[in-house]
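# Architecture at a glance
Letter by letter, the chains look like this.
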Amino acid sequence: MSLVLRNVSLNGSVVDISIEGNRFSAIAPHLGGSFDEEFDAKGMLAFPPFYNCHTHVPMVLLRGYADDLELFPWLNEHIWPAEAKLAPEDIYVGTRLACLEMLKSGTVFFNDSYFMSEEIISAAEGMGLRACIGPTWIHFGDAEKCAATAAEHARIRAACQHGEYSSRILVAEAPHAIYTVPEADLREIAERSAHDNSLVHIHLAETETEVNDCQKAHGGLTPVEYIKECGLLNERARLAHAVWLTPHDIELIKESGAVLITNPTSNLKLCSGMFHFKEIDEAGIPFTLGTDGCASNNAHSMFTEMKFAALSAKTQAKDSTAAPAERVFRLATYDGAQAFFPEAGEIASGKLADLMLVNPDQPYFVADYNPISNLVYAGESSCVDTLLCDGRFLMKHREVEGEDEIIEQARRTCNKFRK
Ligand SMILES: [Zn+2]
């Protein structure tokens, strides 16, 4: 399958972009030859799309279900009882709704940990996105549930190893956090990750309470020092939040090659604290951007996330030059791809063909001195006109296949949770 996008604006020049299979094949002002499909992108701006590096997508079904509460009443009285009602078909329907929301806002990848991961994989495969999926390991002393998670993980790990999923799906280990997974399990996960060379996605150093509790329980070790002891701090680690870090933690993370994932909207909404963007960036530690789940954000828009990332970085550092728009845009696009699909995230010949076309016929694009600044500080999902992932159109002129049905099914599913 070959495709050419004609007359597209890329980095200020008008070019044609061709794709062979799932990779960009050529970029030049006028490409000759014949193609299976031609797409006229006149007037459109091409950018790499967004990579959402931390979320729990089925939680879209619980968006707005219980907001503005303290953490434990929120979990005990609302979120956990509601989650107990989720059936596999609900996870599938919810994931499709989240994928639709992500596509409409320019996102082609999500890194997820949740329950019933086979349903999440099936929905992501059908909708055409890239995804890194790990069943959430969460231990409340329930041996039966733990055995079920272990069996689920073994099934998807085997399916992935046997090539039953497309090349767009990665399977990860996803221990929820150091306070919900016992040390023996963390050590076992570390060994399996080394054996499989698989990523480990975990919430870490999200709140000050987590750090204090960890130091009390583990002889003064910080969460970062503790996961190092467990064998989890290495280049395969993908550490969500990482808000509360000591200078020693930062040194250890840098030596390890681990990648951090900042989630500014969730951190602000839950009053967890602010990620030290400028300090981490200056230390040369790789990090990416994610929305977190819909119960703590409440959206999957990387536009909102970029703006909050920039503004919270400036406020945290008391420095308006921190986190400039170009840096934040790269965080949401190229840097996210590097942490999961390093051959994506760039519009260049030979790279995986992920791309978004932005329609600049928007009020906030009329003054177009700096398109990246417009995307980060003024952009909204509605400017994303067309989206490609792995060489395939997932949205054309804002239409996603089957979107009416996806919305209708999800609406019916939400009725189950009405109080
Ligand atoms: Zn999370």
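As the structure is a prediction and not an experimental result, all values here were calculated from the model.

## Points about the coordination of the zinc ion
Around the zinc ion, the protein supplies His-54 (NE2), His-56 (NE2), His-203 (NE2) and Asp-292 (OD) as donor atoms, at distances of 2.2 to 2.4 Å. One can describe the site at the zinc ion as irregular: its four donor atoms subtend angles covering 87 to 171° at the metal. Sequence spacing of the donor residues for the zinc ion, all on one chain, is H-x1-H-x146-H-x88-D. Each member of the pair, His-54 together with His-56, is buried.

## Overview of the sheet that holds strand S14 (residues 287-289)
Read from one edge of the open sheet, four strands run S11-S12-S13-S14, paired in parallel fashion. Among the strands making up the open sheet, the edge pair consists of strand S11 (200-204) and S14. The mean angle between the axes of side-by-side strands here comes to 25°, regardless of whether they run parallel or antiparallel. Sheet topology places strand S13 (residues 259-262) next to S14; three bridges connect them, and they run parallel. Pairing of Thr-262 across the sheet is with Leu-289, part of S14. Helix-sheet contacts for helix H12 (residues 325-340) involve strand S12 (237-241), S13 and S14, and the interaxial angle to S14 is about 110°.

## Here we look at the layout of surface pockets
There is about 1200 Å³ of room inside the largest pocket. The leading source of residues in the lining of the largest pocket is helix H1 (residues 71-83), at seven residues. Partitioned by chemical class, the residues of the lining of the largest pocket number 21 nonpolar, 13 polar and ten charged. What the second largest pocket holds in volume is close to 540 Å³. Around the second largest pocket, the lining is made up of 18 residues, and of these Glu-83, Ala-84, Phe-115, Ile-138 and Lys-145 lie nearest the centre. When residues of the lining of the second largest pocket are traced back to their parent elements, those giving at least two are H1, strand S8 (130-137) and helix H4 (143-161). When residues of the lining of the second largest pocket are assigned to their parent elements, the largest contribution, five residues, is made by H4. Its residues assigned to classes, the lining of the second largest pocket shows eleven nonpolar, two polar and five charged.

## Quick notes on the packing of helix H11 (residues 302-317) against helix H13 (residues 371-378)
With their axes 7 Å apart at the nearest point, H11 and H13 run at an angle of 90° to one another. Considered as vectors, H11 and H13 are oriented roughly perpendicular to each other. Contact residues: H11 offers Phe-303, Met-306, Lys-307, Ala-310, Leu-311 and Lys-314, while H13 offers Leu-375, Val-376 and Tyr-377.

## Digging into the side chain of Thr-180
One can find Thr-180 in the loop between strand S10 (174-175) and helix H5 (183-196). Polar contacts involving the side chain of Thr-180 include one to the side chain of His-176, which spans 2.7 Å.

## So, empty space enclosed by the protein
This structure, assessed with the given rule, holds two cavities of 30 Å³ or more. A volume near 70 Å³ is recorded for the largest cavity. Every residue along the wall of the largest cavity is listed here: Thr-262, Pro-264, Asn-267, Leu-268, Gly-273, Met-274, Phe-275, Phe-277, Ala-309, Ser-312 and Ala-313. Contributing elements (two or more residues each) for the lining of the largest cavity: helix H9 (264-269) and H11. Considered as a void within the structure, the second largest cavity measures approximately 40 Å³ in volume. For the second largest cavity, the full set of lining residues is Thr-136, Trp-137, Ile-138, His-139, Cys-146, Thr-149, Val-181 and Asp-185. Sorting the residues of the lining of the second largest cavity by element identifies S8 and H4 as the ones contributing at least two each. Of the residues in the lining of the second largest cavity, the class split is four nonpolar, three polar and one charged.

## Focus: the nonpolar core
Judged by nonpolar contacts, the single largest core of 116 residues is most densely connected at Phe-110, Leu-239, Leu-245, Leu-260, Met-306 and Phe-329. Each of domain 1 (2-48 + 353-404) and domain 2 (50-340) contributes no fewer than three residues to this core. When neighbours within four sequence positions are excluded, Met-306 is seen to be in contact with Phe-50, Leu-289, Val-328, Phe-329, Ala-332, Leu-375 and Val-376.

## Some remarks on the environment of Ile-79
Relative to the helices and strands, Ile-79 is located in helix H1. A relative accessible area of 2% places Ile-79 in the buried class. In this structure the C-alpha to C-alpha distance between Ile-79 and Ser-105, which are 26 residues apart in sequence, comes to 26 Å. Ile-79 has contacts with Met-59, Trp-74 and Ala-295, leaving out every residue within four places of it along the chain.

The rules behind the values
Residues numbered from 1 in each chain as written. Predicted model: local features only at pLDDT ≥ 70, side-chain atom pairs only at ≥ 80, totals over all residues. Heavy atoms only, no water. Donors = N, O, S within 2.8 Å, 3.2 Å for Na, K, Ca; no water. Tetrahedral: all angles 85-135°; square planar, octahedral: opposite > 155°, others 65-115°. Buried < 20%, exposed > 50% of the residue type's maximum accessible area, 1.4 Å probe, protein only. Pairing = 2+ DSSP bridges. Helix = DSSP H or I, 4+ residues; strand = E, 2+ residues; numbered from the N terminus. Axes fitted to C-alpha atoms, helices over the stretch in contact; angles between N-to-C directions. Contact = heavy atoms within 4.5 Å. 1 Å grid on protein atoms, 1.4 Å probe; cavity = no way out; pocket = protein on both sides within 12 Å on 5 of 7 lines; lining within 4 Å. Points joined across faces, edges and corners; volume = space filled by probe spheres on them. Nonpolar A, V, L, I, M, F, W, Y, C, P; charged D, E, K, R; others polar. Parallel < 35°, antiparallel > 145°, perpendicular 65-115°, else oblique. Polar contact = N/O pair within 3.5 Å; in protein donor to acceptor, adjacent residues only side chain to side chain. Core = buried A, V, L, I, M, F, W, Y, C linked by side-chain atoms within 4.5 Å. Domains from an automatic or database assignment.

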